[in-house]
Amino acid sequence: MGQHIIVGAGQVGTRLAALLAGQGHTVRLVSRSGNTVPGVEACAADAGHREALLTATAGADVIYNCINPPYHRWVTDWPPMADNLLAAAESTGAVLVTLSNLYGYGAVDGPMTEQAPMAAHTRKGKVRAAMWEQALAAHEAGRIRATEVRASDYIGEAGDQTNFGSRVIPRLRAGKPVLLMGRTDQPHSWTYTGDAAALLAVVGQDARAWGRPWHVPTNPARTQ
């Protein structure tokens, strides 16, 4: 079964913890607040502090990076946390599975695939692209084993953490006005949080998945 350690207790990390625990794995959920779910060990640690993260991930067979700093802090917060996660994977020998998104591709004029180049043109996208490139380089050098799961904007049961959570659906049902994201007539793909968690669990345990990125199966694009 092994020791599965999830860093980040947000909308996907908590679902992943419950899923892995249900499969009979030993699961530790690491977050700054020490949040947990039933049947899962809670651990309070800040991924930005290397020694704290190394302690929190000791004994890991798989480390899942499910962190998502506030958007306005990606440029400052992600690089040290990404470095610390790489150090934790190298120290423990664990597989590093990173939950990511589509920012790293930059502007595209067709369907996105895992084979598309990391051609980010924004600061946030360049941060995400650099994280994958560093993890892949470490994987190819034999220092760690790594894979990455990429999702679009989320839908799911995580309340106001998802774009179509409690900020939209209850208000819609009550006939109240809602605030949507971007253009309402622009087709957009939405990823279900449960599907993201399911794919993370799969790639973390299958050696055939390591050394490359994977897209979460996602609904066809629809307008809001």
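Nothing here was measured: the structure is a model prediction, and the numbers come from that model.

*Asks:* Talk me through the environment of E157; I want residue IDs and the actual numbers.
*Replies:* Along the polypeptide, E157 turns up in the loop between β7 (153-155) and α5 (169-173). By relative accessible area, which is 57% here, E157 ends up exposed. The spatial distance from the C-alpha of E157 to the C-alpha of S189 is 17 Å, given a sequence separation of 32 residues. Once residues within four sequence positions are removed from consideration, E157 is found in contact with R15, Y192 and T193.

*Asks:* Can you break down the environment of I6 residue by residue, with the values?
*Replies:* Mapped onto the secondary structure, I6 falls in strand β1 (residues 3-7). Judged by relative accessible area, which is 0%, I6 ranks as buried. It is 7.0 Å that separates the C-alpha atoms of I6 and A17, two residues lying 11 residues apart in sequence. Not counting residues within four places of it along the chain, the set of residues in contact with I6 comprises G13, L16, A17, L20, V27, R28, L29, V30, Y64 and C66.

*Asks:* Just give me the short version of the packing of helix α1 (residues 13-22) against helix α6 (residues 193-204), but keep the residues and values in it.
*Replies:* Between α1 and α6, the least distance of the axes is 9 Å, while the angle of their chain directions is 55°. What the angle tells us is that α1 and α6 run oblique. Note that α1 runs across α6; the crossing there is right-handed. The residues of α6 that touch α1, namely those facing R15, L16, L19 and L20, are T193, G194, A197, A198, L200 and A201. Its residues placed into classes, the contact of α1 with α6 shows seven nonpolar, two polar and one charged.

*Asks:* Just give me the short version of the sheet that holds strand β2 (residues 26-31), but keep the residues and values in it.
*Replies:* Spatially, the seven strands line up as an open sheet ordered β3-β2-β1-β4-β5-β6-β9, and their pairing is parallel. With one partner strand each, in any of the chains shown, β3 (41-44) and β9 (213-215) form the two edges of the open sheet. Taken over all neighbouring pairs, the strand axes of this sheet differ in orientation by 20° on average, direction set aside. Relative to strand β6 (residues 145-150), strand β5 (residues 95-100) runs parallel, the two sharing six bridges. By the bridge assignment, T98 is partnered in β6 with E148. Sheet strands touched by helix α4 (residues 123-140): β4 (62-65), β5, β6 and β9. Its angle to β6, the strand with the most contacts, is close to 150°.

*Asks:* Kindly report on α6, identifying the contributing residues and their values.
*Replies:* At 3.6 residues per turn, the α-helix brings residues three or four places apart onto the same side. Between its first and last C-alpha atoms α6 spans 17 Å; for 12 residues at 1.5 Å apiece the expected length is 16 Å, and the two agree. Within the sequence span of α6, burial applies to T193, G194, A196, A197, L199, L200, A201, V203 and G204.

*Asks:* Break down the pattern of salt bridges for me, with residues and values.
*Replies:* What the rule picks out here adds up to seven salt bridges. One salt bridge connects R212 with E114, and the closest N-O pair in it is separated by 3.9 Å. Of this pair, R212 sits in the loop between α6 and β9 while E114 sits in the loop between β5 and α4, placing them 98 residues apart in sequence. Since its relative accessible area comes to 27%, R212 is described here as partly exposed. As a salt-bridge pair, R183 and D185 come within 3.1 Å of each other at their nearest N and O atoms. We classify R183 as exposed; its relative accessible area is 55%. By relative accessible area, which is 48% here, D185 ends up partly exposed.

*Asks:* So what's going on with the pairing of β5? Which residues, and what values?
*Replies:* For a regular strand, side-chain orientation follows a simple rule: the groups alternate between the two sheet faces. Of all six residues in β5, six are buried, a share of seventy percent or more. The alternating pattern of β5 places V95, V97 and L99 on one face and L96, T98 and S100 on the opposite face, and all of these are buried. In this sheet, β5 lies alongside β4 in parallel orientation, the contact comprising four bridges. Following the sheet pairing, Y64 is matched in β5 by V97. With respect to chirality, the unit in which β4 leads through helix α3 (residues 74-92) into the neighbouring parallel β5 is right-handed. Handedness of the crossover is the feature at issue here: the chain leaves β5, passes through α4, returns alongside β6, and the resulting connection is right-handed.

Rules behind the numbers
Residue numbers run consecutively from 1 along every chain, following the written order of its sequence. Confidence filtering applies because this is a predicted model: local features only for residues at pLDDT of at least 70, side-chain atom pairs given and counted only at 80 or more, and all residues used for totals across whole chains, interfaces and linings. With hydrogens and water set aside, each side-chain value is computed from the structure's full complement of heavy atoms. Each helix is a run of H or I in the DSSP string that is no shorter than four residues. Each strand is a run of E no shorter than two, and both are numbered from the N terminus. Burial classification: accessible surface area is computed with a 1.4 Å probe over protein chains only, and a residue below 20% of its type maximum counts as buried, one above 50% as exposed, and the rest as partly exposed. Two residues qualify as a contact provided that any one of their heavy atoms is within 4.5 Å of a heavy atom in the partner residue. Fitted lines through C-alpha atoms serve as axes, helices being fitted only where they are in contact, and the angles separating the N-to-C directions of these axes extend from 0 to 180 degrees. To sort the angles, those under 35 degrees are grouped as roughly parallel, those over 145 as roughly antiparallel, those from 65 to 115 as roughly perpendicular, and the leftovers as oblique. Two helices cross in a left-handed way if the nearer one is turned anticlockwise from the farther one by less than a right angle. They cross in a right-handed way if the turn is clockwise. Residue type decides the class: Asp, Glu, Lys and Arg count as charged, Ala, Val, Leu, Ile, Met, Phe, Trp, Tyr, Cys and Pro as nonpolar, and the leftover types, Gly among them, as polar. At least two bridges found by DSSP between two strands is the condition for calling them paired. The span one expects for a helix is its residue count, reduced by one, times 1.5 Å. Definition used for salt bridges: Asp or Glu carboxyl oxygen within 4 Å of a side-chain nitrogen of Lys or Arg. The path from the first strand over the helix to the second decides the hand: if it runs clockwise while the strands point away from the viewer, the crossover is right-handed.

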